[in-house]
Each structure stands twice: as C-alpha cells, then as structure tokens.
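Descriptive analysis of the structure
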Amino acid sequence: MSTIGASQKMQVLMLLLASAGTCLGLLVATAADTSPARPDPPSLLPTHRRQKRDWIWNQMHIDEEKNTSLPHYVGKIKSSVNRKNAKYVLKGDSVGKVFRVREDTGDVYAFERLDREKIPEYHLTALVVDKNTNKNLESPSSFTIKVHDVNDNWPVFTHRLFNASVPEMSAVGTSVIRVTAVDADDPTVADHASVMYQILKGEEYFAIDGSGLIFTTTKTLDREVQAKYEIVVEARDAQGLRGESGTATVLITLQDINDNFPIFTQSKYTFAVPEDIRVGSSLGSLFVEDPDEPQNRMTKYSIVQGEYRDTFTIETDPNHNEGIIKPMKPLDYEYIQQYIFTIEATDPTINLHYLSSVSIRKTARVIINVTDVDEPPNFKQSFYHFQLRENQKKPLIGSVLATDPDAARRSIGYSIRKTSDKGQFFRITKQGNIYNEKELDREIYPWYNLTVEAKELDSSGYPTGKESIVQVHIEIMDENDNPPEFAQPYEPRVCENAAQGKLVVQISAIDKDITPQDVKFKFSLSTEDSNFTLTDNHDNTANITVKYGQFDRERAKVHHLPVLISDNGRPSLTGTSTLVVTICKCNEHGEFTYCEEMAGQAGVSIQVLVAIFLCILTITEDPKGTKEKKRGGRRISTYPELILKADLQELQSSGNQPGTRSK
C-alpha cells in the first residue's frame, strides 16, 4: 500500500509541474505581446539580409469535458514578426470545427467539448501571413494540443454475460473463470484506469480476486442439489466511479462426477417365466435410479444371496442402465417351480472421496415363478451308438428311451424317419427296440445313421403334436468272411529259354475284411505239375520262379497258374487266384521280342454242362441267391454267377485256361 501511495504522489507532482509550466509560458507570451515593438536596425533591412524570426509559444493543453461555457481558451500562438498587416492562421483537420484562432492576437479556442478517450491529442500547423496577400511572413510551425484526462469513465466488462463450469465437489479455491473489465481513462494518471472487482450476488459460494479470477469458497457444491449458479460481478475504478455497464452476470454450471450409488426403484421384483425359455434370453429387467448423469452411471448387478448363481446371470444394458436377468441353464417346472434370491446394485467406478450419501436401497429380492409348458418327449441320451456284427439275422441291436417330462407322463411312440440312411434295413418297436430286417455286410456299408422320432401320444394313442428326434449310429462290426486275393492284377511274362530259378514275378495279397496289424498270408500252388515254383517269403509276399528251365511255345504260349492264399483269421479262409504267365520269344540278351496276348479259348465240354446244371439247382434251393456256405475251413459261394465262374475257371485251368475258385 505504501508503494502505491508514493506512485500516486509522484504522478500528482508531475501534473502540478506541467500546469505550472503552462502558466509560465502564457505569462511570457503575454509579456511579449504587451512590450513595444522595436524598429529593425538599418543594417538588418530585408532588402539586404534576411531577418531571423521565431515562433513564441509552448505546447498547449486542455482538459477534457470542461463544464464551462464554450468556447474554451486553449492558448496563444505568437511569432516575432511584428507587423500590423500580419495575421495568424491555423491549418489541420480539426481547424474550423473544433479549433479556431484570433487573427490579430493568436489566441486559440476550442469550440467543442473534447473527449480524450476519442482523440487524446490534435496536431495543428500555425502560420503568420500577410493580411492583404496571404503570403507567409514566417515559415509554418507544427504544434500539438494535448487533451488532459479526467476520471469520467467507469470500468466496462468485455461481456455482459459469462458462461463457466466447474466440477461439483471441487476443493476450496478451485478456479472457475477470469472476467475482465476495461476503463477507458488514461492509465498513466493515477487511479483513473484502475479496476476493482466485487461479487454482488453469490458471494456465499464464490469469490473474486483483484485480477478478475472467480474461485470457489466451499467444497460442498453438489450438482444433484443445485446444478447452476448465477453470479453478479461489479467493476469500479479506484475512485469509486461506477455505472450501469459496470456489472456482469456469470452463469456457472456444475459438472457432474460419479458420486452417487444407484438405488433400486422396488424392493422386490417378481417374474413369471415359462420353463421352455431359451438359455441366454431375457426373462425380465431390473431398474435403478442414479442421480448422476448418464455417462457416470455404471451400475453392476450381482446375486449376493441364494443358491442360484449358476442358474441365472444379470447383465447391464449400457444404454438404459438396466439389469437384464438371463437363465444360464434350462429351467424345469417339474424340478423347481420357484427361485428366490437377493440382488445388489453397485457402481465400481464411483469416487468414494466425493461420495455424497450412502444408499439404503442397494439390495432387492427377486422371485422367479416357473410356469409349466407342454414339452416334447426327452430322450435319455443325446445320441445313441450301437454295434452289430455283420451277417447276423435280425438280432436286437439296441434300445432308445424317451419320456414325457410333464406331470401328465403320456406314453411315447417311436418311428424311424424315412429320410434316414438305409432306414428300410431296420425297424423299431413300441418299446424303442431296434432290429435289422436283413443281414448286413460291413464291406458294403460299415455305418448306418438313423433318425428316430419320439412322439407324445394321448390316451387314445394319437399323437399330440409334441415330438423329439435323436440320432442313432449303428456300427457294423467286421467278421472274417472274405478270402485273400491278389493285391493287384499281374501280367507276368517269361522267356521261352529262361533258365532254372529265373524270377518271374513277386506277388502279394489283400483282404476286404479289416486287416489286423499281425495279419499273415500263406501262399502255395494248387498243383505241382507245372514248370513253376512258388516260394513263400513269410512277409506276405511270394516269388514265382522257373522250376526246370526252358518252355515249349509250340505246346503252350500261356500258362494259368492257380495260387492258393490263406489268412490267419478265425476261421481261416483260403482263396484261389489264377496267375496268367505269357511265354515270350527273347533275343540273346533276354529281352522280349514277341509275346502273344492271352487267348481264352474254351469249348463247351461235359464239365461246363455239369456246372450249368449245378447253378440251376442252386437257384431253385435259394431264390434270393444271396447266401454263402462254409464247409470245414473252406468257404463255398452259392451265388450262381460265382459258381459258374469258379467252375469254369477251375475246369479251364486244367486245360491251361484262366480261373478262380474260393475255398
């Protein structure tokens, strides 16, 4: 305060000195004007030498907004030119309208009240001219008229209305907004432009400092109690000058923070839900009230009491802040008709430091009543897997079972859908027992997939329209019912002059049955009366070699060699595959030069006629022609076409013609 007082005193002293200087200048000018004019000495006549002349006045000043009547005297301009025919003239933008000068005396007057805040100084040009010719008697001189400031303006705010915001529950001293008022008076004059601020309305919640900064004075500003505040601020200068425009209104909005717990709108929620409600679908909504704004509502719902946490879940709808109850597993009216548990609503993101209150309604009771629905039958299993050995006639494969889950406990009827995989091969009884209608061959179809329907029946035995389905998978188990055979077609050739022990071909075998890892095939020739030898390699392969040596192409160009192949299954099966060996001409290097194609020529012999007769007898005994018989360890096919083919091959093999027979 002492520093400010000294500065103000210094400004007053400077003003007084300036005023004294102005007065002294006017006195000197007046004295010069009243003193008699002295004649120029002869040596300084204008015709011989230019005479030195000077303007005589000081810088002029005038107070703004003078209350005296116009015109206002400003000052005097005076030149050393002292002639009766001289007159004073002013030039400048404000001459004539604002300022005028007396031609004879040089007195300058203001004909308007001046406003320093509009024009702080005026720049004019003074001239001394001849009255008759208007020619300059002295060079023009520029001078300035300065307007002295008076404290005639009050501070004015830059806006009449300010908008601001601050978070609710802010600490004392939190800055809100800085307002500014401007005083148009001269800031160089003490206390003319200094601004002081004061809150006229709202001082119990806010304060303002000397720079115009508004800040909070309490930490209990609660948006949920009052969201907006209207503050009136006044600005005045140091001398207390104030006006209508020296006040402004500040609208302060409290920004929401998450400081309130959600509360349930009800203490108990009751829902009725059908037992067939889909898992994961909504069965009802829970509602809470949260006075915070939507972006600060993060309600979390949970089950706090009860044994059904694994049966239901509560999800939060982010758009409406509702709790959506959903079942996590199927409901069963016949098992549980009512669920009762306690739920809680919390907000894990709440700022406990600003917590305004603790809710007493954070929990509620939920009652879920399950209603009965006429449900379709329920199978005891989600699917069935049965195994059946091939070639078995109409055994019981397995049974399915479905029950009515409702209290009525209606009877159930079963059927196999016609769209099932080869469903015509099977039938199902009223009790759910499944049988096959014919013998099945694993090598044709190893699996059968059936769709079994269970239909609810009324007391009269008619379907009620409620039905369920289940998948039944029947796996056909393998039996050793196929003899081994060649792994591939062989077309061996040998030179007619081949040496003894020459390798003709190496053979291997396959079995249409499921082949175990320890399968062992045995190879042998059905007759030793040939020029070939078979050597079993005991690794499921065998070598065919030349037994004696050269062949006679004139006698036979093609040899049919029956090979017996046995497996180690239970029972063991033996099959006969015929190897057709072509005798070729070769050059001296053992390279084939000419080989005939196999010519299967055979006449109709007595043996062939006997075979045809046997086929007719077989068809008469078994019209279906689908059975096979076993004799001892050998398996005889009774398929007519197979018997015919087998007998033809065996009969032709004796005549060096190809043939195959199962044993």
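Residues numbered from 1 in each chain as written. Predicted model: local features only at pLDDT ≥ 70, side-chain atom pairs only at ≥ 80, totals over all residues. Heavy atoms only, no water.

Right, let's talk about the overall build of the protein chain for a bit. Looking only at helices and strands, one finds three helices and 45 strands in the protein chain. Burial status across the protein chain gives 41% buried among its 663 residues. If you sum the accessible surface of the protein chain, you get close to 38,500 Å²; carbon and sulfur atoms cover 51% of it. (Helix = DSSP H or I, 4+ residues; strand = E, 2+ residues; numbered from the N terminus. Buried < 20%, exposed > 50% of the residue type's maximum accessible area, 1.4 Å probe, protein only. Areas by Shrake-Rupley, 256 points an atom, 1.4 Å probe, with all protein chains shown as cover.)

A word on the packing of aromatic side chains. The tally for this structure, following the rule as stated, stands at 18 aromatic pairs. Ring centres of Tyr308 and Tyr339 lie 4.7 Å apart, and the angle between their planes is 80°; this geometry places the pair in the edge-to-face category. Remark: Tyr339 occurs in strand S24 (residues 338-346) and Tyr308 occurs in the loop between strand S21 (300-305) and strand S22 (312-317); sequence separation between them is 31 residues. Each of the two residues, Tyr308 as well as Tyr339, counts as buried. Three or more aromatic residues joined by ring pairs form one cluster here, namely Tyr308, Phe312, Tyr339 and Phe341. One Lys or Arg, Lys438, reaches over the ring of Phe425 and ends 5.0 Å from the middle of that ring. (Phe/Tyr/Trp six-rings, centres within 6.5 Å; stacked < 30°, edge-to-face > 60°. Lys NZ or Arg CZ within 6 Å of the ring centre and 35° of its normal.)

This part is about the state of the cysteines. The final tally for this structure, using the stated rule, is two disulfides. Across a sulfur-sulfur distance of 1.9 Å, Cys495 and Cys586 are joined as a disulfide pair. Across the S-S bond of Cys495 and Cys586 the torsion is about -90°, and the bridge reads as left-handed. In this pair, Cys495 is assigned in strand S36 (residues 493-495) and Cys586 in strand S42 (residues 574-586), connecting sequence segments 91 residues apart. Cys586 shares its class with Cys495; the two are buried. With its sulfur 1.7 Å from that of its partner, Cys584 forms a disulfide with Cys595. In this structure the cystine formed by Cys584 and Cys595 twists about its S-S bond by roughly 120°; its chirality is therefore right-handed. Separated by eleven residues along the polypeptide, Cys584 in strand S42 and Cys595 in the loop between strand S43 (592-594) and helix H2 (606-621) bring together distant segments of the chain. When its relative accessible area of 0% is taken as the criterion, Cys584 is described as buried. When the bonded cysteines of the protein chain are numbered from the N-terminus onward, they pair as 1-3, 2-4. (Disulfide = S-S within 2.5 Å.)

A few words on unusual backbone geometry. With the exception of glycine, most residues fall at negative phi, and the peptide bonds are largely trans. Cis geometry is found at the peptide bond from Leu70 to Pro71, where omega equals -5°. Considering the arrangement of structural elements, one finds Pro71 in the loop between strand S1 (60-63) and strand S2 (72-76). The residue His538 is not glycine, and still its phi comes out positive at about 60°. Relative to the helices and strands, His538 is located in the loop between strand S39 (532-536) and strand S40 (541-546).

You can see His123 is positioned in strand S6 (residues 121-130). The exposure class of His123 is exposed, given its relative accessible area of 55%. Taking the C-alpha atoms as reference, His123 lies 7.0 Å from Gly92; in sequence the two are 31 residues apart. Excluding residues that lie within four positions of it along the chain, His123 makes contacts with Phe143 and Thr144. (Contact = heavy atoms within 4.5 Å.)

Okay, the confidence of the model for the protein chain next. Taken over all residues, the pLDDT of the protein chain has a mean of 78, while the share at 70 or more is 76%. Across the protein chain, the secondary-structure element scoring lowest on mean pLDDT is strand S45 (residues 634-637), at 38, and the one scoring highest is strand S18 (residues 268-274), at 95. This model gives residues 620-663 a pLDDT under 50, and the stretch forms 77 contacts once residues within four places in sequence are excluded. (pLDDT = per-residue confidence, 0-100.)

Attention shifts here to the sheet that holds S22. Spatial strand order, S19-S23-S22: three strands in an open sheet with antiparallel pairing. Both outer strands of the open sheet, strand S19 (284-286) and S22, are each paired with one neighbouring strand and no more. Direction aside, neighbouring strands of the sheet carry axes that sit 35° apart on average. (Pairing = 2+ DSSP bridges. Axes fitted to C-alpha atoms, helices over the stretch in contact; angles between N-to-C directions.)

The subject of this paragraph is the sheet that holds strand S14 (residues 213-216). With antiparallel pairing, three strands are arranged side by side in an open sheet as S10-S14-S13. The sheet terminates laterally at strand S10 (175-178) and strand S13 (206-208), the two strands that pair on one side only. For this sheet, the mean inter-axis angle between neighbouring strands, taken without regard to orientation, is 25°. Note: S10 against S14, three bridges, orientation antiparallel. Looking at S14, one finds that Arg178 is bridged to Leu213.

Across all of its chains, the model carries 15 salt bridges by this definition. Asp107 serves as the salt-bridge partner of Lys76, at 2.5 Å between the closest nitrogen and oxygen. Here the residue Lys76 occupies a position in strand S2, and Asp107 occupies one in strand S5 (residues 107-110), the gap between them amounting to 31 residues. With a relative accessible area of 11%, Lys76 lands in the buried category. On the basis of relative accessible area, Asp107 is assigned to the buried category, the value being 10%. Between Glu596 and Arg553 there is a salt bridge, and its shortest N-O distance comes to 2.2 Å. Of this pair, Glu596 sits in the loop between S43 and H2 while Arg553 sits in the loop between S40 and strand S41 (558-566), and the two are 43 residues apart along the sequence. Ionic contacts of the salt-bridge type, sharing partners, join the residues Arg417, Glu453, Lys455 and Glu467 into one network. (Salt bridge = Lys/Arg side-chain N within 4 Å of Asp/Glu carboxyl O.)

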